[in-house]
Each structure stands twice: as structure tokens, then as C-alpha cells.
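Architecture at a glance
Read off the chains here:
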Amino acid sequence: MSVSATASAVARAEAPAATPSRTAHGPGSAPARPRSVPSWVWALPPVAVLALAFLYPLALVVQQSVTPDEGGVSLDPYADVFASEVFRDALTTTVWLAVGSTVGCLVLGFVLALVIAFVPFPGGKAVARFVDVFLSFPSFLITLALLFVYGSVGMANGLWTDVTGAAEGPFHFLTTPWGVLLAEITYFTPFVMRPLLAAFSQLDTGQLEVASSLGAGPVRIIRRVILPEALPALAAGGSLVLVMCLNEFGIVLFTGAKDVTTLPMLVYSKAILESDYPAACVVAVVNIAISVGLYGLYRVVSRRAGA
Amino acid sequence: MLVHSRAGKWATWAVFLLLFVPLFAVPLLVILAASLATNWSGAFPSGPTVERYSAATSGDSLQALTTSLVTAVTASVLALTLGGWAALAAAALRRRGKRLLDALFILPVAVPSVVVGLAVLVAYSKPPVLLNGTRWIVILAHTVLVTAFAYQSVSAAVRRLDPMYEQAAAGLGASPARVLWRVRLPLLLPSLTSAAGLCFALSMGELSATMMLYPPDWTPLPVQIFAATDRGSLFTGAALAVVLMTTTLLVLAAVSRIRTRASYR
Amino acid sequence: MSAAALAPAPGGTAAPSGIRFEGVTVAYGGNVVLDRLDLTVEPGEVMALLGPSGSGKTTALRAVAGFVRPAAGRVFLGGRDVTALPPHRRGIGMVVQSYALFPHLRVKDNVAFGLKAHRTPKAEIPGRVTEALELVGMAAYADRHPRELSGGQQQRVAIARALAIRPGVLLLDEPLSALDARLRSGMLAELARLHRELPDVSILYVTHDQVEALTLADRIAVMDRARLQDCGTPQELYRRPRTEFTASFVGNANLLPVTVAGEGAVAFAGRPLAAPTDTAAPGATATLCVRPHLVGLGAGPNALTGSVTEVQWRGSTHRVHADVDGHRLMADLRELREPPAIGDPVTLHFAAEDAVLLPAGTAGASGAAP
């Protein structure tokens, strides 16, 4: 009993003396908190779970990538993988597909968002909602749909053979990188449109009216007024799409094309089809490095843009 | 606003429709039509049938649907708890701690899903924790993947929350725990439900990591769709895809109803 | 009626009343927003913290509530040092500008919130909620949600919520600024009535509006640039301001630069004027403060002649601006039959005892002259 009394007396004596030292608070951290548990302790449980479920496995992948099947630690798996034709092809294919898709998405998304926002038409709201719904569907549905339209026994080829009597239709691009490109542009364009529509809704339409009353035509207004405002949203949306394209798997898997191999596809085939885990891990590490690097860039860009 | 002449407007809209309809509306319609067709190798599908749907909602397919639902619901609940907790804890931290937590919990978005699958496979295929071959490895991977999105939406909502409410509550004598339970969480409820919807939709359509991990007795719907198309049964695949989309939309609609009821302003 | 129920309960449980600041300093990253504040609010007193935005008045209130932690100094509630206590252990009632009514709770649950947080016995809660709501005339709205109430009604509920816990100290942070002018004067009368019904509660009232401060406060503390400039009853501040800042922020004032000529005599623009000089030494520069409504038209003591630069008709009065050797002199005159025209010569005067001599250079940076 006397112990607790002493303790509280000490606490009382110490409390005011301790206050002057706590000066350097930013405005955000100014509220006084009880001393019982520091706030970082509350962050520990979720971080621990994440570490166990995600960070530790990720570390194992890196470890596995420098551990060849024969044992020991070496960079041989890297040398082997970098030397292989398949990997180099996959790397080039992945990068150009991602860049191409991103450019396509940016152009298409900008044009479509421009019309929805600034040339309003009845049903425009419904289109915007449709875009939102579109985002909640998995990517491979697009490839599935394209199979019906342009597949070897699909609509387009069927129409061609019916009309011309030829044994085979002319559309075979679906199993080439062009098919993947088309599918990726289709699927990822809404990811550019959404931030753009949000940015456009912030734009004061008075600016457009003033610009047009000063004699600026639509093209000049888009270049001088709208584009500068949309630039942050375009940059943020574009870099997000670039990362997602680099990581895309479902679209490529569904085309069933043997000659389109991207990095995620290579990880899958090395690990599941060939059971070559060290090689799979090497490809995975390369893929992580590219994606995480770009994603970091995206975060910086979007923070600058205030998104 | 931008185009003033009538002709100009119609021309713009025509271009819009020419781009929008074939790219976005047609694919979904094609899948819907194909799911009802017996054959389609011309301009139009032939022979309407609902046969595929009776197949798609029974046996293996029904099993796949329930597998997907159980996985998505479990992963969403886990992700919401984990991501929500982390987002709330991050909000109480100083700048550097907040940045660190942001980086950690958003990392799964940047890492390719296939690699997440591979990592989980590598880590949990050996003792002490042997999850490979069980449904839990799929659920674990889905949870990791959607936690990042739960974290992002909850922390955005926490940032928008007016600190006046917490301060008013503390001023009235509420302890931090009471402020959390009686004020912050109820005010965050709309955002939490929409985050749940997002997680659910993502998990329902997840294919990349699942392909790396699924055991034979735990085949989610996307894997089933792939299996169908891979063996050439495109029409069955289409019917399954329609089932997947419909289920996702129904759940999202239900969630948005809850959200409307939970929002007070 | 209900006021008795809300007053602190008899016996040892009375909520601490009265606030004392002892050298309270608050800084954000080296930027001092409140500089060594010493101020005492007596039990049962209404103290208005009056000042322009950025003067530190809200920071002072938040230091009492516990939302900012002073870098130095102490805050006492009812004689107890609460500097290190978190907000929820201080037992104060607080009403903020935006009211911050919990949107997810009904009116009665908003009011009950503090009671539950203070672990009031369950059986007592409904009765005390009703009492608090009756006190502000909102009992009929107990089952509404805040979004279904008007701004004035939300304000009343916010006050009821703060009072339900029977605090000894009530903090009001610009409580009327979100209301329109008509509602504001009604709420002002309401607050005055509330205070009469709760004579033991100390109220700290932060505002930038001098009318609110003059109407409601027992004493006013005038703040500017993070510092307490002046403190006194409304009458004292109005009749005997101590700084140029107070003179111009509380009411209107003519501030004339003068030089002390001798006992009871000053020189303004080379003219001799009679004014109380108190202890000011001859030769010192000072500012003479004269309220416009105490300036008369025509010849008299301390007559000054200049030319009219502006005439404003204000219903019951005319405000005449005159230029006297490059200095502006304002007079609020009972409505004139024939107001002077701009450019007319005019003679104005004031009694020596209506003037107050202020130290020069105490105007403050905020430029508060209305």
C-alpha cells in the first residue's frame, strides 16, 4: 500500500518537471497523450503479421535466388538466368508491352475523360459509373472476350471465312504480343480515366469560359488550360498503369500464346511447370526490383501531385 | 463547354462511342452472349441455351464459386482487420513512423502478384509452418494482396476524419479506447465497408498468385475459368465468368447499400 | 428548475472551478504562439479572450483543454496542476466552433456521451440528459440526428453536451462564429441566461468579436501577437485602455500623437491640450485616446479646428471625419439637422477627463483599428 502511495507521489512530483522538455512537437503531434503505452507499440502487431505473411517470404525468395540447387551461396543462378535467351526475351517483351500499353492507356484515357467531362452528354454519369464497375472485374475477362471476337474460331474469323469461303480467317494477332497489348490497353485505361475525371471535376469551368471568350479554340484550351491541370493526374495514373502492366499475369496466361512470355509468366513457368525454384526466384527478384522501383517513383510523383 | 457547335458536339460524341463501345462495352456483352450460346463462329451466336448455367452452378463449378466466396470473405475480413489496425496505428505516429508503415503496407501492391504467390509458396512449403496443399495458403496470399488496398483506403479515410470529433470526445472525458470504439470507428464505418467491397472484388478475381498456390481441393472460380478455356471450353468459361461478375456485383451492391445506411452526412 | 440539478453536487464531489495560467508558453517548432501567459479566471467568472486571429487566444483555450502541451508554465484547474493531465482526465466542458456533434449519434446519445465516459451510473443518465437538454430548450429534439438540426440547434446541443457532465469550467471557442447575425444575438442572450443559472461555472470564452466580449464577459483579456495585452472589466478596458491596441480593438478610438508638456498638459501638432498626464514625464511622446462619441461639435475645451473629409450617416448619429493638421479626428455626433459638407471647416472639442494618455508604440502589429 505504501509502495503505491509513494509511486503516485513520485509521479505527481515528476509530471510538471517533465513538461518543458517536450517542446519540439509539430502541430500534428501536439495533443498530449497519456504516458501509459507509446503509440508505436500499437503499430507492432500488424507489422509483425505482415512480416510473417509477406516480408519473411519475400526475404526467402531473395535468399533462394542466391542458393543454387547444388547448395552454397553464389550468384550463379543470376549468371545462368541472365545468359538465357528466354529471360532476355521476356524482359524486353515485358518492358515494351508495359510502356506501349501505358502510352495507349494515357492517350485513350485522356481523350475519353475529356469528352465525359467537357462535352457532357446524357448518360455521361452512367458511363463514369460503368468505368468504376469495370475496375472491379479481373483482367483476364478481357482476354476471354477477345478470344470470342478475334480467336481462331471467333466472330471475326468466322465472318471472314463465311464471306470469302477461305479455309482460315486473317486474324491471328491474339496469340502475338499485339493481342496482349490490345487487352492491356482495354483493361487499364479506366485506371487512367478515374484520376483524370477526379482532376477534371476540380477544374473551375470558369477558366474554360474565360479562355474561350478570349478567343482560344478547343485545341488551345486543351493544351494551355486543361493539360497543365491534368498533368499530375496523368503522371500518377500513368505510372500506376506502368507498374500494373509490368506485373500483369492473367491477360498473358489467357491468350495461351507460347511466344509471348513476360517476366511474371516466366516466374510461373519456371516454378510451377519446371519446378526450377532458384531460377524462378531470380526472375522474381528482377521483377520486384523493376516494379518496386517504379512504384516508389509513382508514390513520389503522386505525392507531389497531391493525389 | 469545350465544343460549342452542334455539329462539333455530335462529331465528338461519335468518336467517343466509336472508341468506348467496342473497347469496353462489347467485351462484357460478348461474354454474356457467349455464355448463352451453343456455338459462335460467325457474326452472331447461335442457339440460345441456359445449359451452361445449370453446369456453371452445380458440381465442380458450384464448388469453385463457394471456394471463391469463402476465400474472398475470409481474406477481406482478415485484410480489413490487419490493414485497418495498421492505418489507425500509423495515424498516431510521427512523420517518420508513418512513412515507414505506409511503405511496408503498400509494398504488396508493387510486388507482382505472381511473386507474392511464389514467396508464400517458398516460405510455407516446409516446416515449421506447412501450409502448402491446404486452403490456408491461398487465403494467406489473398490476404497479403488485398491488405495493401485495405490499408490505403482506411488510411485515406483516417486522414479525412476531422480531428475535432476526437478532441470533443476526449474533452468530454472519453479515454483513447472509448474515442476509438465510440467515435472513430463508427465515423470510419462507411470507408471500412467500401474498403471491404474493394477487397472482396479483388480477391474474387485474383488469378496470378492463386495459380501458383491452389491445391486440387480448393479451386477458386478464376482458376476454374482458366481451366475451362485452356481445354477449349470457351462457352463454359464465359458462363463461369458471368457467374463471377454477377456475384461480385451483387456483393458490391449490398456493400454500397450498407454504406449508404452507415453514412450520416 | 434544472439549473440546480446541473450545479455541482453538494459534498466533496464539486467539479473544480476557476482557471489559472502561470507563465504558459506554447511553441510549434520554435514558433512561439503563446508567450508567458499569466491569467486567473475566478470560480464563476466569465472571462473573454479577445483578439485578432493568430493572437494566441485559441491556443490558450486548448492548453486548458489539454490539446496542446505548454513548452513552459503550468495550467491549474480549481487550484490543481493539470499541465501533465491528458484531456479526458480534466473534466472540463468544451464547445468548439464547428460544434463537432457526433454525426452517428442521436442528440440524446451525444449528450449522454460524456456521462458514459465519466462512468455515471446508468440509471442517472436519462434524467441528466433531459435536464441538460431542457436547460438549452432542446428536450423535444432528443431523438433527432445532428444532421436534422439547424446551426443554432446544433449549437444548443453542443452546449448541453458540454454541461451534462457538470463541469466546473466551460470552454467556448468562437461558439457563435458559425451562426448568422440574427441567431448570434439571440444565442448571446441565451448564453448570458445560462451563466446566471450556473453561477459556479467558470467560463473561458474565446472570440474575435468585441460585441460578444463586451456583452457577456465579467472580464476581458485582450490578446495580440501571442501575448496578453490588457485585462480588465469591459468598462475599464473601454474607459481606461492601457495600450493603443486595446483602445482600437475594444470600441473605436481617436489616437492622437502628443508630447507631454507638463502636469495635465500635452501638445498635439503644436497646439496645447489639457489631458490627464498622470506620471508621464514632460517631453515624453505619448498617444492621446479619445472615444469618438465623447467628441463634441463647436467651441469648447480642447477645441481643434480642421476640415471635414468624410461624413457618414448612421441613423441616430453622424460620424464626421476631420483632418486636423494631417491627423484624422473622428466624432460621433447626435444626428445633425444640417450635416457639414466635405471640405467645410469644422471645430471639434472634448473634455480633458474624457481623454486617456497611452504609452506610444503599443498599437500591435495586427492593425486592429476597425
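The model shown is predicted, which means the values in this text are computed figures rather than measured ones.

1. Concerning the overall build of chain C
Within chain C, the secondary structure is distributed over 9 helices and 20 strands. Taken along the three principal axes of its C-alpha coordinates, chain C extends 75 × 45 × 40 Å. The buried share of chain C, reckoned over its 370 residues, is 45%. Contacts in chain C between residues far apart in sequence, at least 24 positions, make up 68% of those at least 6 positions apart.

2. Considerations on the overall build of chain B
Counting secondary structure elements, chain B contains 11 helices and 2 strands. For chain B, the succession of helices and strands along the chain, N to C, is α-β-β-α-α-α-α-α-α-α-α-α-α. For chain B, the spread of C-alpha atoms along the principal axes amounts to about 70 × 70 × 30 Å. Across chain B, the fraction of contacts at a sequence separation of at least 24, relative to all contacts at a separation of at least 6, is 71%.

3. So, the interface of chain A and chain B
Each partner contributes residues to the interface: chain A has 67 residues there, and chain B has 65 residues. Tallying contributions element by element places helix H2 (residues 39–65) of chain A first for the side of chain A that touches chain B, with 17 residues. Residue classes in the side of chain A that touches chain B are distributed as 54 nonpolar, 12 polar and 1 charged.

4. Here we look at the interface of chain B and chain C
Every contact between the two is made by 17 residues of chain B and, on the other side, 21 residues of chain C. Going through the elements one at a time, helix H7 (163–171) and helix H8 (176–205) of chain B are the ones with two or more residues in the side of chain B that touches chain C. Broken down by element, the residue count for the side of chain B that touches chain C peaks at 7 residues, all from H7 of chain B. Tallied by class, the residues present in the side of chain B that touches chain C amount to 11 nonpolar, 4 polar and 2 charged.

5. What to know about the packing of helix H3 (residues 107–117) of chain C against helix H4 (residues 125–135) of chain C
All names here are of chain C. Interhelical geometry of H3 versus H4 gives an angle of 120° and a closest axis separation of 9 Å. When the axis of H3 is compared with that of H4, the two are oblique. Here H3 runs over H4; the crossing is right-handed. Contacts between H3 and H4 involve Lys-108, Val-111, Ala-112, Leu-115 and Lys-116 from the first element and Ile-125, Arg-128, Val-129, Ala-132 and Leu-133 from the second. Taken together, the residues that form the contact of H3 with H4 break down as 7 nonpolar, no polar and 3 charged.

6. Focus on the pairing of strand S8 (residues 202–207) of chain C
Residue and element names in this part refer to chain C. In terms of residue burial, S8 counts as a mostly covered element, since 6 of its 6 residues are buried. Covered by surrounding structure in S8 are Ser-202, Leu-204 and Val-206 together with Ile-203, Tyr-205 and Thr-207, the residues of both alternating faces. Where strand S3 (residues 46–50) meets S8, 5 bridges bridge the pair, whose relative direction is parallel. When the sheet's bridge partners are listed, Leu-49 is paired in S8 with Val-206.

7. Considerations on the environment of Ala-286 of chain C
Residue and element names in this part refer to chain C. Counting through the fold element by element, Ala-286 comes out in strand S14 (residues 285–290). It is 10.0 Å that separates the C-alpha atoms of Ala-286 and Ala-267, two residues lying 19 residues apart in sequence. Among residues more than four places away in sequence, those in contact with Ala-286 are Val-258, Val-260, Ala-280, Leu-357, Leu-358, Pro-359 and Ala-360.

8. Re the sheet that holds strand S17 (residues 317–324) of chain C
Residue and element names in this part refer to chain C. Judged by pairing direction, the sheet is antiparallel, and its 5 strands sit side by side in the order S15-S19-S16-S17-S18 without closing on themselves. Each edge of the open sheet is held by one strand with a lone partner, namely strand S15 (296–297) and strand S18 (327–334). Across 4 bridges, the pairing between strand S16 (residues 304–313) and strand S19 (residues 345–349) is antiparallel. For Ser-307, the partnering residue across the bridge sits in S19 and is Pro-345.

9. Comments concerning the domain arrangement of chain C
One can read the domain layout of chain C as domain 1 (2–92 + 167–239) and domain 2 (252–359). Each of domain 1 of chain C and domain 2 of chain C has a C-alpha centre, and the two are 36 Å apart.

10. A look at helix H6 (residues 140–150) of chain A
Most of H6 of chain A sits out of view: 9 of its 11 residues are buried. Within H6 of chain A, burial applies to Phe-140, Leu-141, Ile-142, Thr-143, Leu-144, Ala-145, Leu-146, Leu-147 and Phe-148 of chain A.

11. A few points about the sheet that holds strand S10 (residues 227–232) of chain C
Hydrogen bonds between backbone atoms are what pair the strands of a sheet, whose relative direction is either parallel or antiparallel. Residue and element names in this part refer to chain C. An order of S6-S7-S8-S3-S9-S10 is seen for the 6 strands of this open sheet, with the pairing classed as mixed. Looking at the sheet topology across the chains shown, the edges are occupied by strand S6 (93–95) and S10. Averaged over all pairs of adjacent strands, the angle between their axes in this sheet comes to 15°, without regard to strand direction. Sheet topology note: the strand S7 (residues 169–173)/S8 ladder contains 5 bridges and is parallel. Among the inter-strand pairings, Asp-173 is bridged to a residue of S8, identified as Val-206. Contacting S6 and S7, helix H5 (residues 151–164) crosses the sheet at an angle of about 165° to S6.

12. A closer look at the nonpolar core
A general trend in soluble globular proteins is that nonpolar side chains are found buried together. Counting 259 residues, the largest nonpolar core has Leu-118 and Cys-199 of chain B as the members making the most contacts within it. In this structure Cys-199 of chain B touches Ala-75, Ser-76, Ala-79, Leu-80, Val-146, Phe-149 and Ala-150 of chain B, once residues within four positions along its chain are discounted. Listed in part, the 24 residues of the second largest apolar core include Val-290, Val-320, Val-346 and Phe-350 of chain C.

13. A short note on the confidence of the model for chain C
Residue and element names in this part refer to chain C. Averaged over every residue, the pLDDT of chain C is 87; residues scoring 70 or more account for 94%. Under a pLDDT of 50 for its full length, residues 1–13 has, in the predicted model, 21 contacts with residues more than four places off or in other chains. Throughout residues 366–370 the model reports pLDDT below 50, and contacts reaching past four residues in sequence, or to other chains, amount to 10 contacts. At the level of chain-chain contacts, confidence expressed as ipTM amounts to 0.84, with global pTM at 0.80.

14. Focus on the domain arrangement of chain B
All names here are of chain B. Once the domains are mapped, chain B shows domain 1 (6–49) and domain 2 (59–262). Placing the centre of domain 1 and that of domain 2 at their C-alpha centroids yields a distance of 32 Å. At the interface, 5 residues of domain 1 touch 6 residues of domain 2. Examining the composition of the side of domain 1 that touches domain 2, we find that 4 residues originate from one element, helix H1 (residues 6–35), more than from any other. Residues belonging to the side of domain 1 that touches domain 2 are distributed by class as follows: 4 nonpolar, 1 polar and no charged.

15. Concerning H7 of chain B
The buried fraction of H7 of chain B is high, at 7 of 9 residues. Every buried residue of H7 of chain B is accounted for by Tyr-165, Glu-166, Gln-167, Ala-168, Ala-169, Ala-170 and Gly-171 of chain B. Looking at the buried side of H7 of chain B, the elements it contacts are H8 of chain B together with helix H2 (57–65), S6 and H3 of chain C. Immediately beyond the C-terminal end of H7 of chain B, within one or two residues, lies Gly-173 of chain B, with a positive phi of roughly 100°.

16. Examining unusual backbone geometry
Residue and element names in this part refer to chain C. You will see that Ala-100, though not glycine, has its phi angle at about 50°, which is positive. Its place among the elements puts Ala-100 in the loop between S6 and H3. Overall, Ala-100 belongs to the buried group, with 24 C-beta atoms counted inside 10 Å. We note that Asn-302 has phi near 50°; this positive angle belongs to a residue other than glycine. What makes Asn-302 buried here is the crowd of 22 C-beta atoms within 10 Å.

Criteria and cut-off values
- Residues numbered from 1 in each chain as written.
- Chains lettered and ligands numbered in written order.
- Predicted model: local features only at pLDDT ≥ 70, side-chain atom pairs only at ≥ 80, totals over all residues.
- Helix = DSSP H or I, 4+ residues; strand = E, 2+ residues; numbered from the N terminus.
- Buried ≥ 20, exposed ≤ 12 C-beta atoms within 10 Å, placed from the backbone.
- Contact = placed C-beta atoms within 7 Å.
- Nonpolar A, V, L, I, M, F, W, Y, C, P; charged D, E, K, R; others polar.
- Axes fitted to C-alpha atoms, helices over the stretch in contact; angles between N-to-C directions.
- Parallel < 35°, antiparallel > 145°, perpendicular 65-115°, else oblique.
- Left-handed = near helix turned anticlockwise from the far one by under 90°.
- Pairing = 2+ DSSP bridges.
- Domains from an automatic or database assignment.
- Core = buried A, V, L, I, M, F, W, Y, C linked by C-beta atoms within 7 Å.
- pLDDT = per-residue confidence, 0-100.

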